[in-house]
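Observations on chain architecture
Listed here are the chains, written in short residue letters.
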Amino acid sequence: QLFAPPVSPSVLLCPHLYSVLSRVVPPSTAPTDEWRRADHTARALYRHMSPSARELAFSAAGALAGIAAMLALQRALLTGSRAVTLAMQQSEEDQGEITRGRAKHDMTPSQLARRQAADPLISLMLDLLDRLSLTEACAVAEDLIAEHLEAAQREDAPPTELSTLAPRLVSNEFGRLWQPLHLREALIDYDNEAHVTCRQYVPATFRELRNICNLAQVRGAAGPGAALQLLTFDGDQTLYPDRATLGSDAPLVPLLLELLTRGVALALVTAVGFDEAAPYEARLSGLLAALTAASAPEALCSRVFVVGGQCNYLARCRAEGGVATLYMVPPSEWRLPEMERWRPQQLQRLLDVAQRALLDGAARMHMADKVKLVRKERAVGVLYEAEKHRTELHRTTT
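Below is a summary of the structure that appears in this document.

Rules and cut-offs
- Residues numbered from 1 in each chain as written.
- Predicted model: local features only at pLDDT ≥ 70, side-chain atom pairs only at ≥ 80, totals over all residues.
- Heavy atoms only, no water.
- Pairing = 2+ DSSP bridges.
- Helix = DSSP H or I, 4+ residues; strand = E, 2+ residues; numbered from the N terminus.
- Axes fitted to C-alpha atoms, helices over the stretch in contact; angles between N-to-C directions.
- Contact = heavy atoms within 4.5 Å.
- Buried < 20%, exposed > 50% of the residue type's maximum accessible area, 1.4 Å probe, protein only.
- Right-handed = clockwise from strand over helix to strand, strands pointing away.
- Disulfide = S-S within 2.5 Å.
- Phe/Tyr/Trp six-rings, centres within 6.5 Å; stacked < 30°, edge-to-face > 60°.
- Lys NZ or Arg CZ within 6 Å of the ring centre and 35° of its normal.

Here we look at the sheet that holds strand S1 (residues 230-233)
What the five strands build is an open sheet, ordered S1-S2-S3-S4-S5; its pairing is mixed. Two strands bound the open sheet, and with one partner strand each, they are S1 and strand S5 (323-328). With strand direction ignored, the average angle separating the axes of adjacent strands in the sheet is 25 degrees. Two strands pair when backbone bridges link them, and strand S3 (residues 304-308) and strand S4 (residues 313-320) are joined in this way by four bridges, in the antiparallel orientation. Opposite Phe-305, over in S4, you have Arg-316 as the bridge partner. Along the sheet, helix H11 (residues 252-261) makes contact with S1, strand S2 (265-269) and S3, crossing S2 at roughly 130 degrees. Packed onto the sheet, helix H13 (residues 285-293) meets S3, S4 and S5 and runs at close to 130 degrees relative to S5.

This is the structure:
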């Protein structure tokens, strides 16, 4: 009876099943207003289900979705309809967007929402927030992760509650949980600035939850007993302001020096691509000056790296006569065999295609006179050079 109009809302407790059925049901059986009201009630019921009940619903929904697809395919073969084929193609495209990811500025609001929901940690937090406060949800998630990490050290440990509630979070598909997340402390830190727990009717947003999780990860990496070995940073808007450098008066300099003293390696990973060390030295001038003031001990200098041009150049710090400087590491010492097989002719053809795309895009957006093309050996890009900065332009057009 899955294809008998209207489809019973009782089988739509799981949104995944709903999305499948909404694609395979022919347009002639479009849901009525009464059906939509019943479906709304079913969705509300789903939001108030316990996590264990939700897992059961997902399992049942997966089986029902498989049956629905089989019946739809059989019906399409009998009637010659292409509706199911088109539905399956669209489903594959949507899944590809989620698994491969797309730039936020290149997504519709619904696509962005689906990508946000695909984050397993944020999905767990959102599920907990359906029945708990933000403070309680952070506490429960922190305990679940700690319990799972402890059980993962034992070979004969039974499945943890976290693996039941959020199986994707503990699967290899989305990486691995390496350390506990101090979500309680992170929420206190974030709440002191954002006061998110003071809101009565507006729940925490995806961005707020991500900020809390990021703070928790930083606390876990810097907490007692943490074996932190490497920190990587972007340049603009991270280590220093946009199109600026890390000066000697930057408040981050003494903190970075302290990390080096504690044995942590630091790496600036930037899109800026140069085959010489001088431009990178300018960007890290404050840190290099601090190392020089400390007599440039080799043990500290050797822990500073720069990865430039995304992955095309590598520089490392060393002490020369008591002065901390950078030098370019020969490619043969660090490039992967796959990178060594890249041919100059192939690189230039790729850069030619990218250059044409950039210039065509600038012309199409009526910005050809506002950007400057920059072509290097292993990179091509455009610089915005209009009098009005792009952030000001964004404010005036939104």
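After that view of the structure, there is still more to cover.
So, the pairing of S2
For S2, a buried count of four out of five residues is recorded, marking the element as mostly surrounded by other parts of the structure. The parallel pair S1 and S2 is bridged by H11, and the resulting crossover is right-handed. The sheet contact formed by S2 and S3 spans four bridges and is parallel. Residue pairing in the sheet places Ala-267 in a bridge with Phe-305 of S3.

Some words on the state of the cysteines
Enumeration over the complete set of coordinates arrives at zero disulfides. With no disulfide partner, Cys-301 has as its closest neighbouring cysteine sulfur the one in Cys-317, 4.0 Å distant. Judged by relative accessible area, Cys-301 falls into the buried class, the value being 0%.

Some words on the packing of aromatic side chains
Taken as a whole and assessed by the stated rule, the structure comprises one aromatic pair. The cationic tip of Lys-376 hangs over the ring face of Phe-274; the distance from NZ or CZ to the ring centre is 3.8 Å.

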